[in-house]
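Structure at a glance
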Amino acid sequence: MDKYAVIGNPIEHSKSPEIHRAFAEQTGEPVEYGRILGNMDDFPADVRRFVAEGGLGLNVTVPFKEEAWRLADELSPRAHTAGAVNTLSLLENNQIQGDNTDGAGLVRDLTVNHGFRLEGKRLLMLGAGGAVRGVIRPLLEQRPKRIIVANRTASKAYSLANGAAAYGQVAGCGLDELEGMQFDLIINGTAAGLAGEVPLIPDTVLAKGGWCYDMLYGNQATAFQAWGYQQRAARSLDGLGMLVEQAAESFRLWRGILPETAPVIAMLRH
Ligand code: ATR
């Protein structure tokens, strides 16, 4: 069996092992996938140990994505821009390659699973932390009309937008500067939902027929999804599909096969 794992801290609630085991079963690939509670003080030692034990790839989750970015010997262009790595792969020359599949996962969930065409659309991205930085370039590559990155701390939105400006039309602002603007899709990439809160934005920003998407997910509707329903969004989605799609893209990097995601998303919903 070929060895893979997810590393994070905490890690016990990660759904990645369940997802990757389902992919392995579906594709017949000889993949064994575990979970590692990362040491907060020595993440590189955990990675070295895993590789020494024959590990071929790791998914990296909170709070190690930036450390994984620094540790990788090589970075894919999308990981380079993201400033964070969620997938490490051992190459044949024993170098460690870092990639970031979060943005591809989000784009695939929106476009393939839900049929939302991003091209020409007005997008509002809420938040300016690692979660948003990780997905901004793949979103811009879909050629939306424009992405406004709005954050409670406006300065972080400006600098994130500046860093991504080479890839498309993007600008930053504060949450309190959205009055008068309208969007076809609002994506929540803030951590507000972890406290059951929603970012404070005017209730006029969602265009008629617009969609809402929360990068968080849960057993019930997330706080931002509920906000979307109140705003009469045409669709208000959570991030479970993104989770499974980013995993599928990691599996493809490691095994060269893109697994079918629909049955795995359905399994996790139930
Ligand atoms: P992550 O790496 O998960 O994105 P982060 O870097 O800590 O985490 O960023 C969290 C994001 O959620 C930030 O954009 C933060 O806004 P600030 O930069 O102003 O702190 C945002 N956030 C957290 N709680 C929020 C709340 N209650 N309302 C609005 N935004 C919130």
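What you are looking at is a predicted structure, and each value in this text was computed from that prediction instead of being measured.

Some details on the overall build of the protein chain
On a plain count of helices and strands, the protein chain comes out with 11 helices and 12 strands. Its C-alpha atoms give the protein chain a radius of gyration of 18 Å, within 12% of the compact-globule value 18 Å for 270 residues. In terms of overall dimensions, the protein chain has C-alpha extents of about 55 × 40 × 30 Å along its principal axes. Of all 270 residues assigned to the protein chain, the portion counted as buried reaches 51%. Nonlocal contacts in the protein chain, meaning residues at least 24 apart in sequence, comprise 64% of its contacts between residues at least 6 apart. Looking at the protein chain as shown, the accessible area adds up to about 12700 Å², and 48% of this sits on carbon and sulfur atoms. Separation of charge centres in the protein chain, based on 26 positive and 31 negative side chains, amounts to 6 Å.

Describing the site of the ligand
Taken together, 14 residues lie near the ligand, and Asn151, Arg152, Thr153, Lys156 and Glu197 sit nearest. Measuring from an oxygen atom of the ligand, one finds a backbone N or O atom of Gly130 at 3.1 Å. Within the side chain of Asn151, a nitrogen or oxygen atom sits 2.7 Å from an oxygen atom of the ligand. When the free accessible area of the ligand is taken as 640 Å², the share hidden by the protein chains comes to 70%. Residue composition of the shell around the ligand, grouped by class: five nonpolar, six polar and three charged.

Side note on unusual backbone geometry
Looking along the chain, the bond that leaves Asn9 and enters Pro10 is cis, with omega of 5°. Among the structural elements, Pro10 can be located in the loop between strand E1 (2–8) and helix H1 (16–27). Residue Val62 is joined to Pro63 through a cis peptide bond whose omega torsion reads 5°. If you trace the backbone, Pro63 turns up in the loop between strand E3 (55–60) and helix H3 (65–71). For Arg143, which is not glycine, the phi torsion reads 60° and is therefore positive.

Quick word on the pairing of strand E7 (residues 122–126)
When you tally the buried positions in E7, you get four out of five residues, the bulk of the element. Bridge count between E7 and strand E10 (residues 183–188): four bridges; the pairing is parallel. In the strand pairing of E10, Leu124 is matched with Ile186.

Some remarks on the domain arrangement of the protein chain
For the protein chain, the assigned domains read domain 1 (2–100) and domain 2 (103–241). Counting from both sides, the interface comprises eight residues of domain 1 and, opposite them, nine residues of domain 2. Between domain 1 and domain 2 lies a buried interface of about 710 Å² when both sides are counted; carbon and sulfur atoms form 52% of it. In this assembly, domain 1 and domain 2 are joined by four residue pairs in polar contact (both at pLDDT 80 or more). For the side of domain 1 that touches domain 2, the leading source of residues is helix H4 (residues 77–82), giving four residues. For the side of domain 1 that touches domain 2, a count of residues per class yields two nonpolar, three polar and three charged.

A few points about empty space enclosed by the protein
Using a probe with the size of a water molecule, rolled over the atoms, empty space left in the structure can be pinpointed. Taken as a whole, this structure holds one cavity of 30 Å³ or more when the rule is applied. In this model, the largest cavity occupies a volume close to 50 Å³. In this structure, the largest cavity is lined by Val47, Phe50, Val51, Gly55, Leu56, Gly57, Leu58, Leu88, Ser89, Leu90 and Ile96. Mapped by element, the contributors of at least two residues to the lining of the largest cavity are helix H2 (43–52), E3 and strand E5 (87–90). The class makeup of the residues in the lining of the largest cavity is eight nonpolar, three polar and no charged.

Calculation rules
- Residues numbered from 1 in each chain as written.
- Predicted model: local features only at pLDDT ≥ 70, side-chain atom pairs only at ≥ 80, totals over all residues.
- Heavy atoms only, no water.
- Helix = DSSP H or I, 4+ residues; strand = E, 2+ residues; numbered from the N terminus.
- Rg over C-alpha atoms; globule rule 2.2 N^0.38 Å.
- Buried < 20%, exposed > 50% of the residue type's maximum accessible area, 1.4 Å probe, protein only.
- Contact = heavy atoms within 4.5 Å.
- Areas by Shrake-Rupley, 256 points an atom, 1.4 Å probe, with all protein chains shown as cover.
- Lys, Arg positive; Asp, Glu negative; His and termini not counted.
- Charge placed at Lys NZ, Arg CZ, Asp CG, Glu CD.
- Near = heavy atom within 4 Å.
- Polar contact = N/O pair within 3.5 Å; in protein donor to acceptor, adjacent residues only side chain to side chain.
- Nonpolar A, V, L, I, M, F, W, Y, C, P; charged D, E, K, R; others polar.
- Pairing = 2+ DSSP bridges.
- Domains from an automatic or database assignment.
- Buried area = accessible area lost by both parts, 1.4 Å probe.
- 1 Å grid on protein atoms, 1.4 Å probe; cavity = no way out; pocket = protein on both sides within 12 Å on 5 of 7 lines; lining within 4 Å.
- Points joined across faces, edges and corners; volume = space filled by probe spheres on them.

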